[in-house]
Amino acid sequence: MSSSLRPADPAQRLLSIDALRGLALCGILLINIVDMGGPIAMDRPMAEPSLASPDWQLWGFSQLFITGTMRGLFSMLFGVGLLLFLGDDDRADRPRLYLRRLILLLLFGIVDSTFLLWPGDILLIYALAGIVAMTLHMLTPAQLVSAAAVILLLLSAWAGLEAPSFQPADTVYSAEMLAREGAARLGGYWQTFDYMSYVSWNWTVNALTYRWIGDALAFMLVGMALYRIGLFDGRFEERRLRRMVRIGYSVGLALRLLHAVLVFHNDGAPTVVSGIVDQPGRLAMTIGHAGLFLLLWRKRAWPRLMSGLARMGRMALTLYLGQSLIAAWIFSGFGLGLWNRLSWPALWLVAFAILAVQALFAAFWFRAFRYGLMEWLWRWGTYGQRP
């Protein structure tokens, strides 16, 4: 192996990217915790929509600002990481090493969705989408954005055409479904493992996997385009960042609000219009989040918080898998057995507690080590030598 093909030195990392990744990691848990602590296939409260319900109030807030946008940030940063790894070097070693890196990520995803009991794992999707993104990494920013736009238009059309097939009753568990899942998830480890592995397998071989891959790929391409135009370094002027924030939030908030209102008034089921506006609204809001965060980063706002997020972002893989492990213990029958016993606000409190523990863990960990545990293994597997 060439001496130049080595893991990146932590001292050379772009801390703004790490910090933004840390923010995305935190936001993703706020969404995942609902399925971790309740019915795995429900993205809405069990009760009928009501503005007086704290669960539905939190659902509305999430739909506007968090749902899909934190995953969008994560996907964009995955694309940035791809470019940082491959660069503009056409030598065969870099793509070969990156492909090995994606295979390892695929294996981590399989472990997460089975042994760590989290069918909602995104690592497997990222590994598959990353293979396609790797073949497109030499495209210009305009070409990357065009490819992403085509994918998002197709996904929007898919969602719009599919929406009429959903009835409100299809978006909630029946008593029988709830009892069946409860028996499995409140049983012993292997009983929960059997059920969650079955769910993971069915979700993976489902045609919706193509939608998830397209979703991740589109945002990876957007992230690659933004990196190529200098978003994460000094080439990107502050006035352009402010424009990102204004346009992103203006368009994003309008479309996300429309999406949420339509779903709410359709008793929690999607509509044709909500399906069509979901992806463009999500993209705009994600870009607004990225612009605002980078503005705050440049102004050195909240330095302790930013440093904590950067540490979490440096070990995002370790902490992401750790969230699955902790949630399995909190909610499963072989642990605390809190599955389906907490309201959405209570679940968010649990999520904030997990994130606080992980932030402290990251702070102590990096006093002694240069890499997160899983990041260290990932690098070792990628390069064939200890980092």
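Everything below is about the structure printed above this text.
Along every chain, residues carry numbers that run from 1 in the direction the sequence is written. Reporting in this predicted model follows two pLDDT cut-offs: at least 70 for local features of residues, and 80 or more for side-chain atom pairs to be given and counted; totals over whole chains, interfaces and linings ignore these cut-offs and use all residues. Hydrogens and water are ignored here; the side-chain numbers use all heavy atoms of the structure.

(A) View of the overall build of the chain. Helix and strand counts for the chain come out as 15 helices and 0 strands. It is over C-alpha atoms that the radius of gyration is taken, and the globule rule equals 2.2 Å times the number of residues to the power 0.38. Taking 2.2 N^0.38 as the reference for a compact globule, 387 residues should give roughly 21 Å; the C-alpha atoms of the chain span a radius of gyration of 20 Å, in line with that estimate. The C-alpha extent of the chain, read off along each of the three principal axes, is 60 × 45 × 40 Å. Relative accessibility under 20% of the residue-type maximum defines a buried residue, over 50% an exposed one, and the middle range a partly exposed one, all with a 1.4 Å probe and only protein chains included. In the chain, buried positions account for 52% of the 387 residues. When contacts within the chain are restricted to residue pairs at least 6 apart in sequence, those whose partners lie at least 24 apart make up 82%. In this text, helices come from DSSP runs of H or I with a minimum length of four residues, and strands from runs of E with a minimum of two, each type numbered from the N-terminal end. By definition, residues are in contact when any of their heavy atoms lie within 4.5 Å.

(B) Here's a closer look at the pattern of salt bridges. The term salt bridge refers to a side-chain nitrogen of Lys or Arg lying within 4 Å of a carboxyl oxygen of Asp or Glu. Tallied over the full model, the rule gives 11 salt bridges. Among the ionic pairs, arginine 71 bridges to aspartate 215, the shortest N-O distance being 3.2 Å. Taken together, the residues span a long stretch of sequence, with arginine 71 in helix H3 (residues 69–86) and aspartate 215 in helix H9 (residues 208–228) at a distance of 144 residues. Judged by its relative accessible area of 5%, aspartate 215 is buried. A salt bridge links arginine 211 to glutamate 162; the shortest N-O distance between them is 2.8 Å. Residue arginine 211 is located in helix H9, and its partner glutamate 162 is located in helix H6 (residues 141–162); the two are separated by 49 residues in the primary sequence. The exposure class of arginine 211 is buried, given its relative accessible area of 19%.

(C) Layout of the nonpolar core. In plain words, nonpolar cores are sets of buried Ala, Val, Leu, Ile, Met, Phe, Trp, Tyr and Cys residues tied together by side-chain atoms within 4.5 Å. Counting residues in hydrophobic clusters, the biggest one holds 110 residues, and the most contacted among them are Ile33 and Phe331. In terms of residue count, helix H1 (residues 15–36) provides more of this core than any other element does, 12 residues in total. Leaving out residues up to four positions away in the same chain, isoleucine 33 has contacts with Phe331, Leu347, Trp348, Val350, Ala351 and Ile354.

(D) The packing of helix H2 (residues 54–65) against helix H14 (residues 344–368), seen in detail. Axis definition: a line fitted to C-alpha atoms, over the contacting stretch in the case of helices. Angles run 0 to 180 degrees between N-to-C directions. The geometry of H2 relative to H14 is characterised by a closest axis approach of 8 Å and an angle of 60° between their N-to-C directions. For the element pair H2 / H14, the angle class is oblique. Every residue of H14 that contacts H2 at Pro54, Asp55, Leu58, Trp59, Phe61 and Ser62 is listed here: Trp344, Pro345 and Trp348. Grouping the amino acids of the contact of H2 with H14 by side-chain chemistry returns 7 nonpolar, 1 polar and 1 charged. In this scheme, roughly parallel covers angles under 35 degrees and roughly antiparallel covers those over 145, while 65 to 115 is roughly perpendicular and the rest are oblique. In this classification, the charged set is Asp, Glu, Lys and Arg, the nonpolar set is Ala, Val, Leu, Ile, Met, Phe, Trp, Tyr, Cys and Pro, and all remaining amino acids, among them Gly, are polar.

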